[in-house]
Amino acid sequence: LCIGSVLWDVIGRAPVPMPPGTDVPGRIVRLPGGVAMNIAMTLVRLGMRPALLSVLGRDAAGDDLAAQAEALGIDTAHVYRSDDLPTDAYLAIEDAGGLVAAVADAHSLEAAGARILAPLADGRLGSAAAPWAGPVALDGNLTGDLLREIAASPLLSAADLRVAPASPGKARRLEALLGHPRATFYLNREEAGLLCLRVFDSAAAAAEALLAKGAARVLVTDGGNPAAEAAPGRLVTRRPPEVLVTRVTGAGDTFMAAHLAADRR
């Protein structure tokens, strides 16, 4: 199950550096996106069968996005379709050095709230008495109130819960889930620092601090510097291999999905 944002990514890319106010030629693409959707698309490529729990408007954008997800092999049967909320969107500008700026409009996901979780409670995917026990990717685009509700709810108490903050600006929302005994957190070094209210000089230091705050398991990335995986009594660090950067937006989601799939194997 991939729970969280499913939206359209509108991404403008330029091959040159872009200081504020720059107007340059480039390419603009519209792609299925959102943290939950990015994770689901990667899981399909890695041989898993993801299903989405999210919200889409009953508008042309929502119909098109649902059709594209199904064509990719992603189950959308449990997505909440709203008559009064529009399909969400994400706008990003990328230049030769990476992300310049982005605006995430996930207001419909926030407004839908707990309605997207109904299949976990009404018997379609589980109930309080028989909670879902499989893997779940959960993203920080959900409101802080809903994440606190999830942390205390029996509905995901048996799940293999994988948690991502969605962006540095939303990292603090994840604090409510730090004590969840079955949660694995995926953060970059900046997000880990925001969650711990500290600045870390390495992924390993950030991972150890998150364990001290109650996390059961964490993975902290730091660009091309060594990444860290930690659980009580275990700390592993590895430097990632150099790769050609093809897309900045969604890179962390792809990493999380790949690690989840490898873990399940």
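Placed above this text is the structure.
On a predicted model such as this, the values are computed, not experimentally measured, just so you know. (Residues numbered from 1 in each chain as written. Predicted model: local features only at pLDDT ≥ 70, side-chain atom pairs only at ≥ 80, totals over all residues. Heavy atoms only, no water.)

Attention now goes to the nonpolar core. A general trend in soluble globular proteins is that nonpolar side chains are found buried together. Ile3, Leu120, Leu142, Phe185 and Leu210 are the most contacted members of the largest nonpolar core, which has 45 residues in total. When residues of this core are assigned to their parent elements, the largest contribution, six residues, is made by helix 7 (residues 203-212). Apart from the residues within four sequence positions on either side, Leu142 is in contact with Ile3, Gly4, Leu109, Ile116, Leu147, Ile150 and Arg173. Of all hydrophobic cores here, the second largest spans 25 residues; its members include Ala36, Met37, Ala40 and Leu43. (Core = buried A, V, L, I, M, F, W, Y, C linked by side-chain atoms within 4.5 Å. Buried < 20%, exposed > 50% of the residue type's maximum accessible area, 1.4 Å probe, protein only. Helix = DSSP H or I, 4+ residues; strand = E, 2+ residues; numbered from the N terminus. Contact = heavy atoms within 4.5 Å.)

Ordered by their spatial adjacency, eight strands build an open sheet running 4-1-9-10-11-12-13-14, and the pairing between neighbours is mixed. Of all the strands in the sheet, the pair left with one neighbour each is strand 4 (52-53) and strand 14 (234-238). Alignment of strand 11 (residues 183-188) against strand 12 (residues 217-222), held across five bridges, turns out to be parallel. Each residue of the ladder has a partner; that of Phe185, found in strand 12, is Val218. (Pairing = 2+ DSSP bridges.)

Before going further, it helps to spend a moment on helix 6 (residues 189-196). Those residues of helix 6 not exposed but buried are Glu191, Ala192, Gly193, Leu195 and Cys196. A distance of 3.1 Å separates the backbone nitrogen of Glu190 from a side-chain oxygen at the start of helix 6, and that oxygen is part of Asn188. Backbone geometry just downstream of helix 6 places Leu197 in the positive-phi region, at approximately 55°. (Polar contact = N/O pair within 3.5 Å; in protein donor to acceptor, adjacent residues only side chain to side chain.)

Right, let's talk about the environment of Gly214 for a bit. Of note, Gly214 is situated in the loop between helix 7 and strand 12. The exposure class assigned to Gly214 is partly exposed, which follows from its relative accessible area of 34%. Put simply, Gly214 and Leu53 are 161 residues apart on the chain and 27 Å apart in space, counted from C-alpha to C-alpha. The residues contacting Gly214, other than those within four sequence positions of it, are Leu178 and Gly179.

A word on the environment of Gly4. Checked against the element boundaries, Gly4 lands in the loop between strand 1 (2-3) and strand 2 (7-13). A relative accessible area of 0% means that Gly4 is categorised as buried. Between the C-alpha atom of Gly4 and that of Asn141, which follows or precedes it by 137 residues, the distance is 6.2 Å. What Gly4 contacts, discounting residues up to four positions off in sequence, is Ala36, Leu53, Ser54, Leu109, Asp139 and Leu142.

Time to look at the pairing of strand 2. With five of seven residues buried, strand 2 lies mostly within the body of the structure. Of the pairings in the sheet, the one linking strand 2 to strand 3 (residues 27-33) comprises seven bridges and is antiparallel in character. Within strand 3, the residue paired with Arg13 across the bridge is Arg27. Where strand 2 meets strand 7 (residues 89-95), six bridges bridge the pair, whose relative direction is parallel. Bridging across to strand 7, Ile11 finds its partner in Ala92.

Quick look at the environment of Leu53 now. By the element assignment, Leu53 lies in strand 4. Leu53 sits 86 residues away from Asp139 along the chain, and the two C-alpha atoms are 11 Å apart. In this structure, Leu53 is in contact with Leu1, Cys2, Ile3, Gly4, His78, Ile116, Pro119, Leu120 and Leu125, ignoring residues within four places of it in sequence.

A separate point is the packing of helix 1 (residues 35-45) against helix 8 (residues 251-264). The contact between helix 1 and helix 8 brings their axes to 8 Å, and the two run at 45°. On the basis of their axis angle, the class for helix 1 and helix 8 is oblique. As helix 1 packs across helix 8, the resulting crossing turns out to be right-handed. On the side of helix 1, the interface is formed by Val35, Asn38, Ile39, Thr42, Leu43 and Arg45, while helix 8 contributes Asp253, Thr254, Met256, Ala257, Ala258, Leu260 and Ala261. A breakdown of the residues in the contact of helix 1 with helix 8 according to their chemical character gives eight nonpolar, three polar and two charged. (Axes fitted to C-alpha atoms, helices over the stretch in contact; angles between N-to-C directions. Parallel < 35°, antiparallel > 145°, perpendicular 65-115°, else oblique. Left-handed = near helix turned anticlockwise from the far one by under 90°. Nonpolar A, V, L, I, M, F, W, Y, C, P; charged D, E, K, R; others polar.)

That is the geometry; function is a separate question.
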